[in-house]
Amino acid sequence: MSSPDPKEKKLEKLGRALRKADAARKMFVPPTRDEAILKQARAHFEAHSREERIRPTSIFFPNLIRHWRSLLGGTAIGCIVIGVLLFQGKNVAPRGGAAKFAREDVNRDGQVDILDAMTLAKLAEGKGAPDSFDQNGDRKIDEEDVTLIAAAAVRLN
Amino acid sequence: MKARISIFIAMLMAQVFAMGQTRFLAVDVFIDPQGEPLAAYQIEITGEPGVKFVGVEGGNHPEFRKAPFYDPKALQGERLIVGAFATGKTAPLPTMATRVMTLHLQFRGTHFPKLQTNLKVAATLDSKRIDAEIKVTERKQ
């Protein structure tokens, strides 16, 4: 045995409510008026069910699908904010790819001092200095680069 | 009695005049690397208020004869950072106390000005840190 259609049940309920209201007011309302109201209600339900057929809803998250545009926009804004926060304050990698150290920090001990100049002087003698230690951008490691590092080491803040 | 008072007043005035007079002084800076060969040093020197650094000269060891590196902006100021390194090519590196530089100071007064020294770096040629000592003395003419 199949259960009656919920829309029909609602319409029946509406009809009963209209009749009850008429009885309570003790005034005559022509049945044609009730029929007109019921007809409008039926038309409304049909239009609503048609709309639901066109726009499928999820059983679990019906509101998620209905408001997908807002959700998509919110997610995009969230991604942008997280990206900005993640990249904020990060050092730009100098030439050679070392991200944490200053270009003058030749021995990579986290501070620029006279030992960096001495280390570069020794590297320059041995011709084994990588291009990333080129301080003045002339594509060669020589005394000028060493002097620049020494000057940076003794510079007053 | 009058003569004694006059002499006392004259001496007092001379003293006051000398205290307010600008003086120039050369001080030698020595580093004792305690037996290790000194190849590089970096020192921060701060003078008492009123002391100005007006010149920096090299030392007497062949490897430190050139004036050390310093910021020219530090001249006429009370704080100076100096640094130098050697490669050991011209002479063996010093292992005993050696004069690494001479500083020229300008100040007012008759006393020897206080200089605070902070040895930031002292190292051998292979960048091994040395527990060295600094000594600052007035240069005898």
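Look up a bit, the structure's there.
The structure contained in this document is the topic of the report that follows.

About the thresholds
- Residues numbered from 1 in each chain as written.
- Chains lettered and ligands numbered in written order.
- Predicted model: local features only at pLDDT ≥ 70, side-chain atom pairs only at ≥ 80, totals over all residues.
- Heavy atoms only, no water.
- Salt bridge = Lys/Arg side-chain N within 4 Å of Asp/Glu carboxyl O.
- Helix = DSSP H or I, 4+ residues; strand = E, 2+ residues; numbered from the N terminus.
- Buried < 20%, exposed > 50% of the residue type's maximum accessible area, 1.4 Å probe, protein only.
- Arc of directions from axis to C-beta.
- Contact = heavy atoms within 4.5 Å.
- 1 Å grid on protein atoms, 1.4 Å probe; cavity = no way out; pocket = protein on both sides within 12 Å on 5 of 7 lines; lining within 4 Å.
- Points joined across faces, edges and corners; volume = space filled by probe spheres on them.
- Expected span 1.5 Å × (residues − 1).
- Pairing = 2+ DSSP bridges.
- Axes fitted to C-alpha atoms, helices over the stretch in contact; angles between N-to-C directions.
- Lys, Arg positive; Asp, Glu negative; His and termini not counted.
- Polar contact = N/O pair within 3.5 Å; in protein donor to acceptor, adjacent residues only side chain to side chain.
- Buried area = accessible area lost by both parts, 1.4 Å probe.

## Some remarks on the pattern of salt bridges
Moving on, step 1. This structure, assessed with the given rule, holds seven salt bridges over all chains.
Moving on, step 2. In this structure, B:Arg129 engages A:Asp109 in a salt bridge whose closest nitrogen and oxygen atoms are separated by 3.7 Å. Residue B:Arg129 is located in the loop between β7 (115-123) and β8 (133-138), and its partner A:Asp109 is located in the loop between α4 (68-87) and α5 (114-125); the two belong to separate chains.
Moving on, step 3. For A:Asp113, the salt bridge identified is with B:Arg129, shortest N-O distance 3.7 Å. Highlighted residues: A:Asp113 in the loop between α4 and α5 and B:Arg129 in the loop between β7 and β8, drawn from two different chains.
Moving on, step 4. On the basis of relative accessibility, which here comes to 4%, the residue A:Asp113 falls in the buried class.
Moving on, step 5. B:Arg129 sits in the partly exposed class, given a relative accessible area of 40%.

## Focus on helix α6 (residues 143-153) of chain A
Moving on, step 1. Among the residues of α6(A), those classed as buried are A:Asp145, A:Val146, A:Ile149, A:Ala150, A:Ala152 and A:Ala153. Each buried residue of α6(A) sits inside an arc of 160° when the element is viewed along its axis, so together they form one side.
Moving on, step 2. Along its buried surface, α6(A) packs onto α5 of chain A together with β2 (40-47), β4 (69-70) and β5 (79-85) of chain B.

## Some words on the layout of surface pockets
Moving on, step 1. Approximately 530 Å³ is the volume attributed to the largest pocket.
Moving on, step 2. Contributing to the lining of the largest pocket are 20 residues, with A:Glu143, B:Lys66, B:Phe85, B:Ala86 and B:Thr87 lying nearest its centre.
Moving on, step 3. Mapped by element, the contributors of at least two residues to the lining of the largest pocket are α5 and α6 of chain A together with β5 of chain B.

## Description of α5(A)
Moving on, step 1. Over its 12 residues, α5(A) extends 17 Å from the first C-alpha to the last, a length consistent with the 16 Å expected when each residue adds 1.5 Å.
Moving on, step 2. Within α5(A), nine of the 12 residues are buried, which leaves it mostly tucked inside the rest of the structure.
Moving on, step 3. The elements touched by buried residues of α5(A) are α6 of chain A together with β2, β4, β5 and β7 of chain B.
Moving on, step 4. In the segment just after α5(A), A:Lys127 is the residue with positive phi, at about 60°.

## Side note on the sheet that holds β2(B)
Moving on, step 1. An order of β4-β5-β2-β7 (chain B) is seen for the four strands of this open sheet, with the pairing classed as antiparallel. The outermost strands of the open sheet, each flanked by one partner alone, are β4 and β7 of chain B.
Moving on, step 2. In this structure, β4(B) lies alongside β5(B), joined through two bridges in antiparallel fashion. Note on β5(B): the bridge partner recorded for B:Phe69 is B:Gly83.
Moving on, step 3. On the sheet, α5(A) packs against β2, β4, β5 and β7 of chain B and is oriented at approximately 25° with respect to β5(B).

## Remarks on the side chain of B:Asp71
Moving on, step 1. The topology assignment puts B:Asp71 in the loop between β4 and β5.
Moving on, step 2. Nearest to the buried, unbridged B:Asp71 among oppositely charged side chains is B:Lys73, at 4.4 Å.
Moving on, step 3. A polar side-chain atom of B:Asp71 sits 3.0 Å from the main-chain amide nitrogen of A:Leu156.
Moving on, step 4. The residues touching B:Asp71, leaving out its near neighbours within four places in the chain, are A:Val154, A:Arg155, A:Leu156 and B:Ile81.

## A closer look at the interface of chain A and chain B
Moving on, step 1. With 18 residues of chain A in contact, the opposing surface of chain B contributes 24 residues.
Moving on, step 2. Both sides of the chain A and chain B interface together cover about 1600 Å² of buried area, and 65% of this is carbon and sulfur.
Moving on, step 3. At the surface where chain A touches chain B, the tally comes to three salt bridges.
Moving on, step 4. Our count for the chain A to chain B interface comes out at five residue pairs in polar contact (both at pLDDT 80 or more).
Moving on, step 5. Listed by contribution, the elements that provide at least two residues to the side of chain A that touches chain B are α5 and α6 of chain A.

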